[in-house]
Amino acid sequence: MALLKIFLIEDDAFYGEALKYHLKLNPDFDVHLFKTGKECLTNLYQKPDIICLDFGLPDITGDKLMEKI
């Protein structure tokens, strides 16, 4: 069975790591944490199944990032 690839885009280091930790408790999840929208966009070639993003990122707002995705 293929792993479910999840992208987390969160600029708060503590919160992002906490989310990543809890999601990775499920062995079926492949979780990637990014701190900026640009990091997410440059990694879209990995074709995530789920993207969970913060609305207030340092380089772009969540709604603008969703438009680009």
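Above this text is the structure in question.
Conventions and cut-offs
- Residues numbered from 1 in each chain as written.
- Predicted model: local features only at pLDDT ≥ 70, side-chain atom pairs only at ≥ 80, totals over all residues.
- Heavy atoms only, no water.
- Disulfide = S-S within 2.5 Å.
- Buried < 20%, exposed > 50% of the residue type's maximum accessible area, 1.4 Å probe, protein only.
- Pairing = 2+ DSSP bridges.
- Helix = DSSP H or I, 4+ residues; strand = E, 2+ residues; numbered from the N terminus.
- Axes fitted to C-alpha atoms, helices over the stretch in contact; angles between N-to-C directions.
- Contact = heavy atoms within 4.5 Å.
- Salt bridge = Lys/Arg side-chain N within 4 Å of Asp/Glu carboxyl O.

Focus: the state of the cysteines
So, point 1. Counted under the stated rule, the structure contains zero disulfides.
So, point 2. We note that Cys40 lacks a disulfide partner, and the nearest cysteine sulfur, in Cys52, lies 11 Å from it.
So, point 3. For Cys40, a relative accessible area of 0% gives the class buried.
So, point 4. Overall, the relative accessible area of 39% leaves Cys52 in the partly exposed class.

Quick word on the sheet that holds strand 3 (residues 50-53)
The strands that make up a sheet pair up through hydrogen bonds in the backbone, lying either parallel or antiparallel.
So, point 1. The three strands are arranged 2-1-3 in an open sheet whose pairing can be described as parallel. The outermost strands of the open sheet, each flanked by one partner alone, are strand 2 (29-34) and strand 3. Taken over all neighbouring pairs, the strand axes of this sheet differ in orientation by 20° on average, direction set aside.
So, point 2. Strands in contact with helix 1 (residues 13-24) are strand 1 (4-9) and strand 2; relative to strand 2, the strand with the most contacts, it is inclined by about 175°.

Some words on the pattern of salt bridges
So, point 1. On inspection of all chains with the given rule, the structure shows one salt bridge.
So, point 2. Salt-bridge contacts for Asp30 lead to Lys5; the nearest nitrogen and oxygen are separated by 4.0 Å. With a gap of 25 residues between them, Asp30 in strand 2 and Lys5 in strand 1 connect regions that are remote in the sequence.
So, point 3. On the basis of relative accessible area, Asp30 is assigned to the partly exposed category, the value being 23%.

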